[in-house]
There are 4 protein chains.
Amino acid sequence: MSRNSFGTLFCLTTFGESHGAAIGGVVDGCPAGLTVDVSYIQKELSRRRPGQSDLTTQRKENDTIEILSGIFENKSTGAPIAFLLRNEDHRPKDYDELRNVYRPGHADFTWEKKYGIRDHRGGGRSSARETAARVAGGAIAKLFLMEKDIAIKAYISGIKNIHVPLPYTQLDLSAEENEVRCPHKETSDRMRQLIEKTKENGDSVGGIITCVITGVKSGWGEPVFDKLHAMFGHAMLSINACKSFEIGDGLSSTLRLGSENNDTIGQKEKETNHDGGIQGGISNGRDIWFRVGFKPPSTISIPQHTTDIEGNEIVLEAKGRHDPCVLPRAVPVVEAMAALVLADAYLLSTTNRL
Amino acid sequence: MSRNSFGTLFCLTTFGESHGAAIGGVVDGCPAGLTVDVSYIQKELSRRRPGQSDLTTQRKENDTIEILSGIFENKSTGAPIAFLLRNEDHRPKDYDELRNVYRPGHADFTWEKKYGIRDHRGGGRSSARETAARVAGGAIAKLFLMEKDIAIKAYISGIKNIHVPLPYTQLDLSAEENEVRCPHKETSDRMRQLIEKTKENGDSVGGIITCVITGVKSGWGEPVFDKLHAMFGHAMLSINACKSFEIGDGLSSTLRLGSENNDTIGQKEKETNHDGGIQGGISNGRDIWFRVGFKPPSTISIPQHTTDIEGNEIVLEAKGRHDPCVLPRAVPVVEAMAALVLADAYLLSTTNRL
Amino acid sequence: MSRNSFGTLFCLTTFGESHGAAIGGVVDGCPAGLTVDVSYIQKELSRRRPGQSDLTTQRKENDTIEILSGIFENKSTGAPIAFLLRNEDHRPKDYDELRNVYRPGHADFTWEKKYGIRDHRGGGRSSARETAARVAGGAIAKLFLMEKDIAIKAYISGIKNIHVPLPYTQLDLSAEENEVRCPHKETSDRMRQLIEKTKENGDSVGGIITCVITGVKSGWGEPVFDKLHAMFGHAMLSINACKSFEIGDGLSSTLRLGSENNDTIGQKEKETNHDGGIQGGISNGRDIWFRVGFKPPSTISIPQHTTDIEGNEIVLEAKGRHDPCVLPRAVPVVEAMAALVLADAYLLSTTNRL
Amino acid sequence: MSRNSFGTLFCLTTFGESHGAAIGGVVDGCPAGLTVDVSYIQKELSRRRPGQSDLTTQRKENDTIEILSGIFENKSTGAPIAFLLRNEDHRPKDYDELRNVYRPGHADFTWEKKYGIRDHRGGGRSSARETAARVAGGAIAKLFLMEKDIAIKAYISGIKNIHVPLPYTQLDLSAEENEVRCPHKETSDRMRQLIEKTKENGDSVGGIITCVITGVKSGWGEPVFDKLHAMFGHAMLSINACKSFEIGDGLSSTLRLGSENNDTIGQKEKETNHDGGIQGGISNGRDIWFRVGFKPPSTISIPQHTTDIEGNEIVLEAKGRHDPCVLPRAVPVVEAMAALVLADAYLLSTTNRL
């Protein structure tokens, strides 16, 4: 299996660098006969697009998708679906001074140690720009899952120490997204203020995204190494800046007794969901929900000590365009990766029985 | 790729049910020429073995390993290494009354929904007994990693609300393990008391295991989907009862500003390690550390409401032998899975450059 | 993917050396609910067993299979099915004098160059004894395919220059097998005489096995890299001593014009099958048939020049037990590998459409 | 693993249809630091390009490659290398009348049975145009192998019943290619005449390509399922119209005695190579050589009986542009696939030993 691919049967391969010609991907294994609405993919890309609000980087990318193959008269044919997003507002020259510098928190140092050569322009392959290809591939997975009446909805549940005070079950997740992508108005306002203030300070903040999936029937996911939540964890932790993953109650589960934590079976009115809809790695038919923690973005305007590639200590002050907080743009990426996991798990689950 | 296998080049396949004839595994891809000390594998198995102390289940399994292939005159030959652990103290009859019952928190319900048939005896394939095969396979990976001067050490850092008050850097991880597998004496004693009390109550507790890996050079792990911490996350979340994964500071990272959280480069004396030794999915040469949260075991003696497979509501009172807390026995499983991830990442990393 | 595994969804992993403790395998991905008749597997093993007639090696192996997991009350559960064949009549001492010798035609030299270490006893992992695990795994695949009304029947169509003079369509493939496993009586007798004479001379002969598969519906196989006949070719060429593979008319197709070679569509009464039941890599619903060429076994009693591992030229005269012709015992191996390809192709084909 | 990918570590994924927007591919796993000369890739594509001589289809495609990613300042970076070939002379309208017709010998019928939907334009995904992406990916593999001093050279050794009368060892494979791509002048002339005459008749011919690989050291290839020749067989049989594969002497081996067929070890001056440079699936350091049989192309101008998708019998007379013989253009495809197999086998072989 190639290392830039994700999935066994429903498989996305991505390619492209931040300031190269283009980024893109190939979805292989999408079942034939799916109506692929390209405008839906485009809409998902817009949710991740830079420059969509003053909370995000001002890089201007339209992220207009071009489908190259695999769709004939609006339907998937079973052939691989390749797509392309040309880089438009790339300014490789902006990065000339970073050619020999290791930016703290970034993959500059580690990529160079691994490969001995590095496209330094905007992080090259390690740029979060790569996630646009995930959103496009994930949108196709979402279209497939909609046929199974599955809905995937992520939102920001925490920015730094500001958290939504209610569980997801008490929020209206169907509401129109605001710029922060937090469905709790009062919290959302506070988050916005924090992000703006952080931006003014040239600093950055992280937080938590909660993802809720409804409609998954029991029986998806594999019982041993590829437990459904292990696949979600793998998928989420592969997103840039992600540092933690909790399925269902997650860390809170470690603080309870078994008698308090076991999800009820039967007694519908008392139904609990501490386990997040998965037991023994297999979906149980309840909502699937998990939380994903993101560190503050590594690029800040505040001067930082670092070294160049020759080991000389220098002071770095970022000048480029960057996000003070990645979470609003990470929400569609979380959903996309969740969709890829589920589309694959569904296809695998169809082969489980005689 | 089969679903009961883990790893691309260094690959473990496991098989076996809790109360079937045997459990075992096949390690494929272990480089030839490795001296395989079977007594070391046996010692690792003893750390996971049931009945090793009064804190664990009283099931009596010697877990004596039989190597079937792949080793010739004490050295690996490049051929697959298959091994077997016969189930000795299996008492399938003990489980007759559970044949038609769904135990809360367990995979009984979900397995049946997925496969339509279930080996109900002690959880069958979903039993944590499967992890013995992981420990054996992981021990071979550990032997391989020792050749690279890598050490993997996990310990219990929290049981319910009792946490070790010091970071791992201030603990002596090389000390002889106690029964709790917590290296902080005072905390360990309190944990022991809590576990014993919980056992008396017929209840169960969870907690957190911290894993520390030293000696990994920079350049291991893949930059996109198979980021090194994503592989660790996948591996850990595939362990029974695991509910959360944090690389490095994990959730704490979400509470800091970028200027506080970025790991320094250069200035050795001020070196930080918030990111847990990995940037952009690739190891940076510092210690790798992560935390794994386990829920309290689902099997408790306290009566619980559930249903049988016909949907009738019943009250279940577990009688079998079970662990009030899985963490002491999960420590070697965490280490084993970490070793499998690293052995594979190392082999992959050797093919990265011309 | 590990290198001792075959198949994506229906996957067999094998292990074991010729004169080690045991050989065996793990079938992962067998759908749950399949009735697994162990006596059928045993019967298939008997067809490959050494010592079954005077045409084969006199090594005495009962090849009694022990199922270790994955089957509960005679049905597959979806868990991996592991099985074991203990080596009984192994005589590692017989091979002491071969420890430092490279036998011509065998993998002795190449294994040592690759791995730097070698289990020299009877070819170790490279022994055709490994194929017993394939027959066992393939028998499970066959049981699965029988549920889809698929029959796989291989036979010897040529030994050296003695060939069956009729196409498979004019043979009775359902007849009881004779020792040669050639369904054409007159040819079979001549083959037997040739094999016996060759044995007396201490020499060996090869030949051709034809495999015919009925009942495969249209739509199996993948259109690009994993064309159905490419998978059959991969599978067959992985069998010891196999040197050629032809799908359908194979080499004969290269001698015809397109107007003579294109298979008809429609006009049932004039239906041809030059392509062997596959077009564009996908089954078309007609019989699938292919031919597999085997070289004469490398082990002969006639003295041969070779070298030891230090490069000294020596004369080697094989004394062990060996087959003058592998084809009678290879017939069930060909069928087993065909079954593994088909079981996998079938499962994959179920995920092709919405 | 996705089905439009080939290779484990060095992996090519292809996409695109004959008359869609573009075809292309992604090479993942190419080691970093390789100098990638795009003009070399272009030159290889020219060898496969339609319209290069009057022996091939007159479709006019420049097949100008655009590299989208993975190369920075002329060197591979370890990131996936994506490339694109726009379809220029596509005339989808030409195929309107074939929308509902099954062309004999083609994948029209089988694709439709498999997927229920079909891009009928020029064979869609099943067109041999897909192989252009293989040539581009294979060219990168060739560049990598050149660093290891490996040369891959294929040529036409037979067209219908006209065969080169000499073994490859007596031919000058380094000579400039002629249009037929047969290095034996007299035979080449006869082949050209046959192809031209066949074209005039509106018919088609097949033949045999021999591929010779020099410079592979001993130790490449895997000993069980992924034997080096099994991988070559898989690769070759996945090329459109390929019907047979022989490693080394192949079918001729079945006609010899063991005492005649075993390759010598030692006695350099008497060295034989019946096995084609591979024993037990592992390269032995001698030349690797194999032969690949292609059937005559299915598209002919001579009227043929077939049916439409409703089962009505019709007479089909091809009008489009097509090749009377695919072999001259298949030569670079054979080389490309061989290069992909070897690049992968090499990388795998580097992880075999401690």
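No experiment lies behind these values; they were computed from the predicted model shown.

Each value, and the rule that gives it
- Residues numbered from 1 in each chain as written.
- Chains lettered and ligands numbered in written order.
- Predicted model: local features only at pLDDT ≥ 70, side-chain atom pairs only at ≥ 80, totals over all residues.
- Heavy atoms only, no water.
- Pairing = 2+ DSSP bridges.
- Helix = DSSP H or I, 4+ residues; strand = E, 2+ residues; numbered from the N terminus.
- Contact = heavy atoms within 4.5 Å.
- Buried area = accessible area lost by both parts, 1.4 Å probe.
- Salt bridge = Lys/Arg side-chain N within 4 Å of Asp/Glu carboxyl O.
- Polar contact = N/O pair within 3.5 Å; in protein donor to acceptor, adjacent residues only side chain to side chain.
- Nonpolar A, V, L, I, M, F, W, Y, C, P; charged D, E, K, R; others polar.
- Least-squares fit on C-alpha atoms with pLDDT ≥ 70 in both.
- Phe/Tyr/Trp six-rings, centres within 6.5 Å; stacked < 30°, edge-to-face > 60°.
- Buried < 20%, exposed > 50% of the residue type's maximum accessible area, 1.4 Å probe, protein only.

K.L.:
So what's going on with the sheet that holds strand β4 (residues 65-67) of chain D? Residues and values would help.
P.N.:
Residue and element names in this part refer to chain D. On the basis of which strands lie adjacent, the open sheet formed by 5 strands has the order β1-β2-β3-β7-β4 and antiparallel pairing. If you trace the sheet from one side to the other, it starts and ends with β1 (5-6) and β4, each paired once. Pairing of strand β2 (residues 11-16) with strand β3 (residues 22-28) involves 6 bridges; the strand directions are antiparallel. Following the sheet pairing, Thr 14 is matched in β3 by Gly 25.

K.L.:
Talk me through the interface of chain C and chain D; I want residue IDs and the actual numbers.
P.N.:
Many structure descriptions define interface size as the accessible area lost when the parts assemble. Opposite the 100 residues of chain C that make contact, chain D presents 100 residues. Summing both partners gives a buried area of about 7900 Å² for chain C against chain D, and 59% of it is carried by carbon and sulfur. Counting the surface chain C buries against chain D, the share from its top three residues, Arg3(C), Lys114(C) and Phe225(C), is 12%. Glu222(C) is the salt-bridge partner of Lys114(D), the closest N and O atoms lying 3.5 Å from each other. If you look at where chain C meets chain D, you find 43 residue pairs in polar contact (both at pLDDT 80 or more). Per element, the largest residue contribution to the side of chain C that touches chain D is 7 residues, and it comes from helix α2 (residues 108-115) of chain C. Pairing between strand β11 (residues 242-247) of chain C and strand β11 (residues 242-247) of chain D: 3 bridges, direction antiparallel.

K.L.:
Give me the lowdown on the interface of chain D and chain B, citing residues and values where you can.
P.N.:
Counting from both sides, the interface comprises 14 residues of chain D and, opposite them, 14 residues of chain B. Summed over both partners, the interface of chain D with chain B comes to about 1200 Å²; 67% of that surface belongs to carbon and sulfur atoms. Contact with chain B buries surface across chain D, with Leu9(D), Thr351(D) and Leu354(D) losing the most and accounting together for 47% of the total. At the boundary of chain D and chain B, one finds 0 salt bridges. Here the residues of the side of chain D that touches chain B sort into 8 nonpolar, 4 polar and 2 charged.

K.L.:
Could you give me a rundown of the relation of the copies chain C and chain D, with the residues and numbers involved?
P.N.:
The operation relating chain C to chain D is a screw motion whose rotation component is 180°, with 0.0 Å of axial translation and a residual RMSD of 0.0 Å. Both copies of the chain, as the preceding transformation shows, are related through a two-fold rotation axis. In this assembly, 100% of the residues forming the interface of chain C have copies in chain D that are likewise at the interface, indicating an isologous arrangement.

K.L.:
Give a detailed account of the packing of aromatic side chains, specifying residues and quantitative values.
P.N.:
The tally for this structure, following the rule as stated, stands at 36 aromatic pairs over all chains. Ring geometry for Trp220(B) against Tyr346(B): centres 5.1 Å apart, planes inclined by 50°, an arrangement best described as tilted. Linking Trp220(B) in the loop between β10 (207-214) and α5 (228-237) with Tyr346(B) in helix α7 (residues 327-349), this pair joins segments that are 126 residues apart in sequence. Overall, the relative accessible area of 6% leaves Trp220(B) in the buried class. Relative to Phe6(D), the ring of Phe225(C) has its centre 5.6 Å away and its plane inclined at 35°; by these criteria the two rings are tilted.

K.L.:
Outline the side chain of Thr299(B), listing residues and values.
P.N.:
Residues and elements named next belong to chain B. Within the secondary structure, Thr 299 is located in the loop between β14 (288-294) and β15 (304-307). Polar side-chain contacts of Thr 299 include one of 2.7 Å to the side chain of His 106. Those residues in contact with Thr 299 that lie beyond four places of it in its chain are Arg 103, His 106, Ala 318 and His 322.

K.L.:
Account for unusual backbone geometry, with residues named and values stated.
P.N.:
Residues other than glycine seldom take positive phi values, yet Ala241(A) does so here, at roughly 75°. Summarising the element assignment, Ala241(A) is placed in the loop between α5 (228-237) and β11 (242-247). You can call Ala241(A) partly exposed: its relative accessible area is 22%. Backbone geometry places Glu73(C), a non-glycine residue, at a positive phi of 50°. Along the chain, Glu73(C) falls in the loop between β5 (71-72) and β6 (75-76).

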